[in-house]
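For reference, the chains in residue letters:
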Amino acid sequence: MSHYEEVKVHGYDEFCKAVSERKGKDIFAYFSGNKDDQGMSWCPDCVKAEPIVRGEMSHLPEGSVFIYCQVGERPYWKDPNNEFKKTLKLSGVPTLIRYGTPQKLVEEECFKADLVRMMFTED
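Residues numbered from 1 in each chain as written. Predicted model: local features only at pLDDT ≥ 70, side-chain atom pairs only at ≥ 80, totals over all residues. Heavy atoms only, no water.

Glancing now at the state of the cysteines. With the rule as written, the count across this model stands at one disulfide. Shown here is the disulfide that connects Cys43 with Cys46, its sulfur atoms set 2.3 Å apart. Since a negative S-S torsion denotes a left-handed disulfide, the Cys43-Cys46 link at about 80° is right-handed. Under the relative-accessibility criterion, Cys43 is labelled buried at 4%. (Disulfide = S-S within 2.5 Å. Buried < 20%, exposed > 50% of the residue type's maximum accessible area, 1.4 Å probe, protein only.)

What follows is the structure in structure tokens.
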């Protein structure tokens, strides 16, 4: 069994519910474009970043939570008024955040294993 909990959610409401059910925990969230039936995202950077982020998950803090959130289909994501952009201030996918902190890796930064590891290991 892993030392962290992984939660997979679709959309903003499910994301909020997952966070509220885990109040007080160290929460990391990875936001990606939706995947199709073949497991491919419409977002090529998300496809490239996911194995890098997953490769560093062994460095997640003990007892932490990793939320994998699919943000929706491309037209929804492109809407500047979607909840992810308005409320969570996301500017692009993929994005990796440490919830409740300013720590955030956006787009190409998620390709850098050392940056991902730093986020998972720094207090």
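The next thing to look at is the nonpolar core. One recurring pattern in soluble globular proteins is that nonpolar side chains are buried together. Core analysis: the largest hydrophobic core is formed by 37 residues, its most contacted members being Phe15, Phe31, Phe66, Ile67, Phe84, Leu96 and Phe120. Secondary structure elements with two or more residues in this core: strand S1 (5-10), helix H1 (11-20), strand S2 (27-32), helix H2 (44-55), strand S3 (65-70), strand S4 (95-98) and helix H5 (113-121). Those residues within four positions of Phe31 in sequence are excluded, and the remaining contacts are Phe15, Cys69, Val71, Phe84, Leu88, Leu90, Val93, Pro94, Thr95 and Ile97. (Core = buried A, V, L, I, M, F, W, Y, C linked by side-chain atoms within 4.5 Å. Helix = DSSP H or I, 4+ residues; strand = E, 2+ residues; numbered from the N terminus. Contact = heavy atoms within 4.5 Å.)

To continue, consider the packing of aromatic side chains. In total, this model carries eight aromatic pairs according to the counting rule given. A centroid spacing of 6.4 Å and a plane angle of 85° characterise the contact between Phe66 and Phe120, whose relative ring orientation is edge-to-face. Taken together, the residues Phe66 in strand S3 and Phe120 in helix H5 connect sequence positions 54 residues apart. Assessed through its relative accessible area of 1%, Phe66 is described here as buried. By relative accessible area, which is 1% here, Phe120 ends up buried. (Phe/Tyr/Trp six-rings, centres within 6.5 Å; stacked < 30°, edge-to-face > 60°.)

Once that is clear, we can look at H2. Side chains that are three or four residues apart share a direction in an α-helix, a result of its 3.6 residues per turn. All of the buried residues in H2 are Cys46, Ala49, Glu50 and Val53. Taken end-on, H2 shows its buried residues confined to a sector of 120°, consistent with a single buried face. Residues of H2 that are exposed and angled more than 90 degrees away from the buried face: Pro44 and Pro51. On its buried side, H2 packs onto S2, S3 and H5. (Arc of directions from axis to C-beta.)

Turning our eyes to something else, we now look at the sheet that holds strand S5 (residues 104-106). The strand order S1-S3-S2-S4-S5 describes an open sheet built from five strands, whose pairing is mixed. Of all strands in the sheet, those bounded by a partner on one side alone are S1 and S5. Across the sheet, the mean angle from the axis of one strand to that of its neighbour is 15°, orientation sign disregarded. Where S2 and S4 come together, four bridges link them in antiparallel fashion. Among the inter-strand pairings, Ala29 is bridged to a residue of S4, identified as Ile97. Those strands touched by H1 are S1, S2 and S3, and its axis lies near 150° from that of S1. (Pairing = 2+ DSSP bridges. Axes fitted to C-alpha atoms, helices over the stretch in contact; angles between N-to-C directions.)

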